[in-house]
Amino acid sequence: MVLYAADWVLPVEGAPIPFGGVAVADGRITAVGPADELEGEVRRFPDAAIVPGFVNAHTHLEYAVYAGFGDGLPFGPWLHTHIERKARIAWDEYLAIARLGAAESLASGVTTIGDASFSGAAAVAADDLGLGAVVYLEIFGTDTARVEELRRRLHELEGTVDGRVSLGVSPHAPYSVSPEVYSAVYDLGLPISTHLAESDDERDYLLSGKGPIAEVSEVEPPRTTSVRHLAEQGLLRTGVVAAHCVKVDAEEIELLAAHDVAVAHCPRSNALLGCGIAPVRELLDAGVRVGLGTDSPASTPSFDMFEEMRAATYAARARAERPDALSASEALELATLGSARVLGLEDETGSLAAGKRADLAVVSLAGSPYLPWEDPTVAVVFGGSPERVELTLVEGEQRYEKGGFRWHELRRSAAEARGRMLATEAPPAPKT
Ligand SMILES: [Zn+2]
């Protein structure tokens, strides 16, 4: 038995514990409380807080090296840039990139992800590096015959991952996937993740068939908004994770709540793509399960859940013009237990409680303006960063320790893959 002890333990379920400890044995948390009341071989972290491992409710590990691609472009052309560059690489590159994404997640204190995966490489990468994951294999288009192909790829992947990684399916979005394909994918009976109500471009296309998405979409516009469209088709239900939900009105929020659809809130991605600010306070007040997602470096600079918690807080308070629109402890809950609820993993992870997986991160606040301590939750949410993560445990296994995991080869391979995506055709030979 090992006892991880720090100035503070933030269990998320329950009040912060000063001089707290988390006892771990066989991959599980056995006890949480004041450290001097607990048993175990002590590992003590001064000037630090122990938090549940972050759960990133919506990401794409396979886009870990896409930083800056298409920055500043409108949503439609931005999407087009990614589709075109993605076509230049193959499985080995996907895997190299996804492995870097898994490493960077662990180094940021993330212990579980919900990943929408184009190639399936995210599942293999998460499994390789010991990151917990629900990997939703993506499908696009209007051809229901592709669902058979999806089923075959799922079957192949099942054999390569263990219980820490589970599989789901991701019909990409209502503007890129027909309702027939959505239905056929739902019939597989697996967890679902989809992009929903993300942008005005999406809304314009679905309502009118016009705008930049018209150039890339083969889906018949339903002449209604995305949430209403899925509701009318019977496609809103428990087990569906909707990423974004920026462009939703009060009636659509009610539809999401009534059908128990969970929302992955991605405030940085929504801000950087100029999509807007999701009504996170309204979603929470309506009883919708909400978690936080970084999306990926295709739209945000990093898999950094600290930045995501801050962005969620800034955006919610600015939108409501109230400092109490989202508290630091609500932001921490969104990033941990909230996201675990979104992924249906709240009995296993997302808080520090006896019986759950020993998924945790140790965050040092040494040398920060938040010490000496006043409010440890405020300190972690506003003063934390990946550089301050000392240790990340997944199911009790040390998957990252500061200074101990440099991943040189993994970084080189991923950078080479980025180079191949940026490479343009060789110039024609000069005439002699
Ligand atoms: Zn996404």
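We now turn to the structure provided with this report. (Residues numbered from 1 in each chain as written. Predicted model: local features only at pLDDT ≥ 70, side-chain atom pairs only at ≥ 80, totals over all residues. Heavy atoms only, no water.)

## Here we look at the overall build of the protein
Scanning the protein for helices and strands turns up 14 helices and 15 strands. By the compact-globule yardstick of 22 Å for 432 residues, the protein fits well, its C-alpha radius of gyration being 21 Å. Each of the three principal axes of the protein carries a C-alpha extent, and together these read 70 × 65 × 40 Å. Long-range contacts, defined here as pairs at least 24 residues apart, represent 69% of the contacts in the protein between residues at least 6 apart. (Helix = DSSP H or I, 4+ residues; strand = E, 2+ residues; numbered from the N terminus. Rg over C-alpha atoms; globule rule 2.2 N^0.38 Å. Contact = heavy atoms within 4.5 Å.)

## Some remarks on the coordination of the zinc ion
Note on the zinc ion: its protein donors are His 58 (NE2), His 60 (NE2), His 195 (NE2) and Asp 295 (OD). The metal-donor distances range over 2.1 to 2.7 Å. Each of the four donor atoms bound to the zinc ion contributes to angles spanning 81 to 170°, and the resulting shape is irregular. Mapped onto the sequence, the donors of the zinc ion take the spacing H-x1-H-x134-H-x99-D. Pair noted here: His 58 is in strand β5 (residues 54-59) and Asp 295 is in the loop between β12 (290-292) and α11 (305-320), with a separation of 237 residues, a long-range link. The exposure class of His 58 is buried, given its relative accessible area of 1%. Since its relative accessible area comes to 5%, Asp 295 is described here as buried. (Donors = N, O, S within 2.8 Å, 3.2 Å for Na, K, Ca; no water. Tetrahedral: all angles 85-135°; square planar, octahedral: opposite > 155°, others 65-115°. Buried < 20%, exposed > 50% of the residue type's maximum accessible area, 1.4 Å probe, protein only.)

## Some points on the side chain of His 244
Of note, His 244 is situated in strand β10 (residues 240-244). Excluding residues within four positions of it along the chain, His 244 makes contact with His 58, His 195, Leu 196, Glu 198, Val 263, Ala 264, Cys 266, Ser 269, Asn 270, Ala 278 and Asp 295.

## Re α11
Relative to the 22 Å expected for 16 residues at 1.5 Å per residue, α11 spans 22 Å between its end C-alpha atoms, a close match to the ideal helical length. Where α11 is concerned, the buried positions are Met 305, Phe 306, Glu 308, Met 309, Arg 310, Ala 311, Ala 312, Thr 313, Ala 315 and Ala 316. Where α11 begins, one side-chain oxygen reaches toward the backbone nitrogen of Phe 306, 2.8 Å away; that side chain belongs to Asp 304. Two residues or fewer past α11, Glu 321 is found with a positive phi of approximately 55°. (Expected span 1.5 Å × (residues − 1). Polar contact = N/O pair within 3.5 Å; in protein donor to acceptor, adjacent residues only side chain to side chain.)

## Examining the nonpolar core
Membership of the largest hydrophobic core comes to 108 residues, with the highest contact counts inside it found for Phe 54, Leu 256 and Met 309. Per element, the largest residue contribution to this core is nine residues, and it comes from helix α2 (residues 91-107). Val 9, Ile 17, Leu 360 and Leu 393 belong to the second largest nonpolar core, which has 16 residues in total. (Core = buried A, V, L, I, M, F, W, Y, C linked by side-chain atoms within 4.5 Å.)

## Let's talk about the packing of α2 against helix α3 (residues 121-129)
In contact at an axis separation of 8 Å, α2 and α3 are set at 45° when each is read in the N-to-C sense. On the basis of their axis angle, the class for α2 and α3 is oblique. Between α2 and α3 lies a crossing of right-handed hand. Within the contact between the two elements, α2 uses Trp 91, Tyr 94, Leu 95, Ala 98, Arg 99, Ala 102, Ala 103 and Leu 106 and α3 uses Ala 121, Ala 122, Val 124, Ala 125, Ala 126, Asp 128 and Leu 129. A class-by-class count of the residues in the contact of α2 with α3 yields 13 nonpolar, no polar and two charged. (Axes fitted to C-alpha atoms, helices over the stretch in contact; angles between N-to-C directions. Parallel < 35°, antiparallel > 145°, perpendicular 65-115°, else oblique. Left-handed = near helix turned anticlockwise from the far one by under 90°. Nonpolar A, V, L, I, M, F, W, Y, C, P; charged D, E, K, R; others polar.)

## Brief notes about the sheet that holds strand β13 (residues 360-364)
With mixed pairing, the seven strands of this open sheet are ordered in space as β3-β2-β1-β4-β13-β14-β15. Bordering the open sheet on either side are β3 (28-34) and β15 (397-401), each of which pairs with just one other strand. Going across the sheet, the axis of each strand differs from the next one's by a mean of 35°, ignoring polarity. Across five bridges, strand β4 (residues 41-52) lies against β13 in antiparallel orientation. What sits directly across from Ala 49, in β13, is Val 363. (Pairing = 2+ DSSP bridges.)

## A word on the packing of aromatic side chains
Per the stated rule, a full pass over the model turns up nine aromatic pairs. Geometrically, the ring pair formed by Tyr 400 and Phe 405 is tilted, given 6.1 Å between the ring centres and 45° between the ring planes. Note on Tyr 400: relative accessible area 10%, which makes it buried. By way of ring pairs, the aromatic residues Tyr 63, Tyr 66 and Phe 69 are connected into one cluster. Arg 85 extends its terminal NZ or CZ atom over the ring of Phe 69, reaching a point 4.4 Å from the ring centre. (Phe/Tyr/Trp six-rings, centres within 6.5 Å; stacked < 30°, edge-to-face > 60°. Lys NZ or Arg CZ within 6 Å of the ring centre and 35° of its normal.)

## Let's talk about the pairing of strand β9 (residues 192-196)
Taken across its five residues, β9 has five buried, putting it largely inside the fold. Here five bridges tie β9 to β10, and the two strands are oriented parallel to one another. Bridging across to β10, Thr 194 finds its partner in Ala 242.

## Some points on the environment of Glu 252
When you line up the elements, Glu 252 lands in helix α8 (residues 250-258). Spatially, the C-alpha atoms of Glu 252 and Asp 26 are 44 Å apart, while their sequence positions differ by 226 residues. Once residues within four sequence positions are removed from consideration, Glu 252 is found in contact with Arg 203, Thr 225, Val 227, Arg 228 and Lys 247. At 2.7 Å, the side chain of Glu 252 and the side chain of Thr 225 are in polar contact.

## Considering unusual backbone geometry
Generally, phi is negative for residues other than glycine and the peptide bonds are trans, each holding for most cases. With an omega of -5°, the peptide bond between Leu 371 and Pro 372 qualifies as cis. Here Pro 372 lies in the loop between β13 and α13 (376-383). At Glu 395, a position not held by glycine, the phi torsion is positive, near 50°. Mapped onto the elements, Glu 395 comes out in the loop between β14 (389-394) and β15. Classification of Glu 395 by relative accessible area gives partly exposed; the value is 25%. Although it is not a glycine, Trp 407 sits at a positive phi angle of roughly 55°. Note on placement: Trp 407 falls in the loop between β15 and α14 (408-422). By relative accessible area, Trp 407 is classed as buried at 16%.

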